[in-house]
Amino acid sequence: MKKPIIALIILLIIAGGSVGALMAVKNKQNKEKQHKAADVADNKLFSFDPYSVTKIVFSKGDEVYTAEKNDDLWKLDNEEFKLDQTYYQLICSYLSDLTADTKYGEVTDDKLKMYGLDAPDKIEVTEPSGNHTIYIGNESPTGEYYYVTVDGKNIVYAIDAERGSVLKLDRLLLKDKMIVPYSLYDIKEFTS
């Protein structure tokens, strides 16, 4: 009679140990998920409606281009040249939900210099909920990332190189690419 009771007690102890181990593993997984979720939330740089943007300012050093949206058309404030409307909407879309791939710690003077953020390209976006500013530095040595910082966060981030290259100030990207001021829908006939 003692052997079945001892066996039952041993089984209860083993079952309790396995339940305890299962709970410990599950608790550890939950903490890891929470940590990853917090990391993803911290890497979220901007979140706004891309169609609500009313003003974009591109700058690098002394070169500054300010564009405002009037009647769904982007126009340069000094009207130096016509703007590529698609490019400006692309900038709004890219920035509206920009999330960094990784981060490189707090901003220091050494990091700013190392990552090309001591003389960065700068984009300021204005929309009804406020202003959003991003500073774009150098491309990573592997060509996978661009280093960036944003107002309100004291951290150096890395964003995808495809997005970063589009955000760098390039006068040719800003300009309207049409050689002829007519679209395919405006042309009715070609004659020779």
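Structure report, in brief. All figures in this text were calculated on a predicted structure; none of them were measured in a lab. (Residues numbered from 1 in each chain as written. Predicted model: local features only at pLDDT ≥ 70, side-chain atom pairs only at ≥ 80, totals over all residues. Heavy atoms only, no water.)

Here's the deal with the overall build of the protein chain
Helix and strand counts for the protein chain stand at five helices and eight strands. Listing each helix as α and each strand as β along the protein chain from the N terminus yields α-β-β-β-α-β-α-β-β-β-β-α-α. Counting all 192 residues of the protein chain, 32% fall into the buried class. Contacts in the protein chain between residues far apart in sequence, at least 24 positions, make up 58% of those at least 6 positions apart. Here the protein chain has roughly 12,900 Å² of accessible surface; of this, 56% comes from carbon and sulfur atoms. (Helix = DSSP H or I, 4+ residues; strand = E, 2+ residues; numbered from the N terminus. Buried < 20%, exposed > 50% of the residue type's maximum accessible area, 1.4 Å probe, protein only. Contact = heavy atoms within 4.5 Å. Areas by Shrake-Rupley, 256 points an atom, 1.4 Å probe, with all protein chains shown as cover.)

Overview of the pattern of salt bridges
For the coordinates displayed, the defined rule picks out four salt bridges. Put simply, Arg163 and Asp97 hold a salt bridge, and the shortest N to O gap is 3.6 Å. Of this pair, Arg163 sits in helix H4 (residues 161-167) while Asp97 sits in the loop between helix H2 (85-96) and strand S4 (102-106); the two residues are 66 residues apart in sequence, bridging distant segments of the chain. Given a relative accessible area of 38%, Asp97 falls into the partly exposed group. For Glu124, the salt bridge is made with Lys122, and the minimal N-O distance between the two is 3.7 Å. (Salt bridge = Lys/Arg side-chain N within 4 Å of Asp/Glu carboxyl O.)

A word on the pairing of strand S7 (residues 145-150)
The element S7 is extensively covered by neighbouring structure, given that five of its six residues are classed as buried. Relative to S7, strand S6 (residues 130-139) runs antiparallel, the two sharing four bridges. Pairing of Tyr135 across the sheet is with Thr149, part of S7. Taking the residues that link successive antiparallel strands as the turn, the S6-S7 hairpin has five residues, and the phi of Gly143 there is positive, at about 80°. One ladder, built from five bridges, connects S7 with strand S8 (residues 153-160); its direction is antiparallel. (Pairing = 2+ DSSP bridges.)

Looking at the side chain of Asn43
Position of Asn43 among the secondary structure elements: in helix H1 (residues 2-43). When sequence neighbours within four positions are dropped, the list of residues in contact with Asn43 reads Leu98, Thr99, Ala100, Asp101, Thr102, Lys103 and Tyr157.

Some thoughts on the environment of Ser140
Checked against the element boundaries, Ser140 lands in the loop between S6 and S7. For Ser140, a relative accessible area of 7% translates into the label buried. Sequence separation between Ser140 and Gly116 is 24 residues, and the spatial gap between their C-alpha atoms is 9.9 Å. Those residues within four positions of Ser140 in sequence are excluded, and the remaining contacts are Tyr145 and Tyr147.

Observations concerning the sheet that holds S4
With respect to topology, eight strands assemble into an open sheet ordered S3-S2-S1-S5-S6-S7-S8-S4, the strand pairing being antiparallel. Of all the strands in the sheet, the pair left with one neighbour each is strand S3 (73-76) and S4. Each adjacent strand pair in this sheet contributes to an overall mean axis angle of 25°, direction not counted. Across the sheet, H2 touches strand S1 (55-60), strand S2 (63-70), S3, strand S5 (121-127) and S6, and the angle it forms with S1 is around 90°. (Axes fitted to C-alpha atoms, helices over the stretch in contact; angles between N-to-C directions.)

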